[in-house]
Amino acid sequence: MDCSSEPQGFDYVGNCIRPPSEAYSILIQATLGCSHNKCGFCGTYKDKRFAIKDQKILERDIEFASKHCSRQRRVFIMDGDALIMPMKRWEWLLGQIKEKLPWVTRVGAYANSKAVAMKSDEDLARLKELGLGILYYGVESGHPVVLKEMVKGATPEKLIEQGRRVKKAGIKLSVTVLLGVGGTKYSLEHAKATGELLTAMKPDYVGALTLMLIPGTPMYEAQQRGEFELPGVEGMLRELREMIANTDLGGGLFYSNHASNYLPVKAVLPRDREATLALIDQALGGRVGLKPEWMRAL
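Residues numbered from 1 in each chain as written. Predicted model: local features only at pLDDT ≥ 70, side-chain atom pairs only at ≥ 80, totals over all residues. Heavy atoms only, no water.

K.L.:
Explain the layout of surface pockets here, please?
P.N.:
The gaps left among the atoms become clear once a water-sized probe is rolled over them. Computed from the structure, the second largest pocket encloses a volume of approximately 310 Å³. Along its surface, the second largest pocket is lined by 16 residues, and E149, M219, A222, E227 and F228 are the ones closest to its centre. Contributions of two or more residues to the lining of the second largest pocket are made by α5 (144-149) and α8 (218-224). For the lining of the second largest pocket, the element with the most residues is α8, which contributes three residues. (1 Å grid on protein atoms, 1.4 Å probe; cavity = no way out; pocket = protein on both sides within 12 Å on 5 of 7 lines; lining within 4 Å. Points joined across faces, edges and corners; volume = space filled by probe spheres on them. Helix = DSSP H or I, 4+ residues; strand = E, 2+ residues; numbered from the N terminus.)

K.L.:
Hey, could you run me through the environment of V288 in this one?
P.N.:
With respect to the helices, strands and loops of the structure, V288 is situated in the segment after α10 (273-284). Put simply, V288 and L230 are 58 residues apart on the chain and 23 Å apart in space, counted from C-alpha to C-alpha. Contact partners of V288, with chain neighbours within four places excluded, come to L263, L279, Q282 and A283. (Contact = heavy atoms within 4.5 Å.)

K.L.:
When you look at the side chain of D81 in this model, what are you seeing that I'm missing?
P.N.:
Tracing the backbone shows D81 in the loop between β4 (74-78) and α2 (87-100). A distance of 3.2 Å separates the side chain of D81 from the side chain of N112, its partner in a polar contact. Setting aside residues no more than four positions away along its own chain, D81 makes contact with G33, C34, S35, H36, F50, Y110, A111 and N112. (Polar contact = N/O pair within 3.5 Å; in protein donor to acceptor, adjacent residues only side chain to side chain.)

K.L.:
Hey, could you run me through the state of the cysteines in this one?
P.N.:
Covalent bonding between the sulfur atoms of two cysteines defines a disulfide. Counted under the stated rule, the structure contains zero disulfides. You can see C34 has no disulfide; the closest cysteine sulfur is in C39, sitting 6.6 Å from it. Overall, the relative accessible area of 16% leaves C34 in the buried class. (Disulfide = S-S within 2.5 Å. Buried < 20%, exposed > 50% of the residue type's maximum accessible area, 1.4 Å probe, protein only.)

K.L.:
Would you mind going over helix α4 (residues 121-130) with me for this structure?
P.N.:
Of all the positions in α4, only L124, L127 and L130 are classed as buried. Taken end-on, α4 shows its buried residues confined to a sector of 125°, consistent with a single buried face. For α4, exposure combined with an orientation more than 90 degrees from the buried face picks out E122 and E129. On the buried face of α4, the contacting elements are α2, α3 (113-117), β6 (132-140) and α6 (156-168). Directly after α4, the chain includes G131, whose backbone phi takes a positive value near 120°. (Arc of directions from axis to C-beta.)

Written out as structure tokens, the structure is:
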């Protein structure tokens, strides 16, 4: 039986999000919200205060999954930066998954640089040993001013350092970056700096999303005051081009297949760089169709 047919069996509070690649995973909400929750573009977790959920709730969720989710081979731990949980809770949770869901082949979670920094190298290696196979790491930009203005809480150097530590532990690293987050003011500078950050970090996967401003967020309010201007379609494509032109992942995958993107891209970099740049040039020249505005979504 597919567990997605009985979502009421799990304890979910408020908005719950997961990466596109975790669409068929068992979703276990171990934390509520995001411990940082200050990024200027993000309105996802404004409906709840950060908390670590009670262990008894997680026990019931795992018990439900053990009875109804035998088709799912992956588990994704929510919410926004679940890695922030203390090691004792992580060791318990991964142990329960290994014991009660023995068919599961990979566990994933969201992480930010603060959460990674709070884990020692030994902690990260232990998490890998217990089954944590991938971390989805929010970077957004490699530009120091853009990171500061969005209140990311990290510098490019810190983002690179903590991302490298994840990879060193043997955990797959999937990085998220945002087209448009530098506005028209820093557009191409942001794209170039982000490509250079990705080159220095060399994650296994990169997912490029296109910024869509959400009412109630600081960046939306800045736009309303005329202090922030979002690049148009052509500007977003030029950012994507500049970012890819400056990215070498050593064989990693670069995607822009999120629902927010105008042009889907899937490229192994640097192998597919020239072909991908040619595709973007065709799109800029009007020779490749783009996703219409009404189909874009978060």
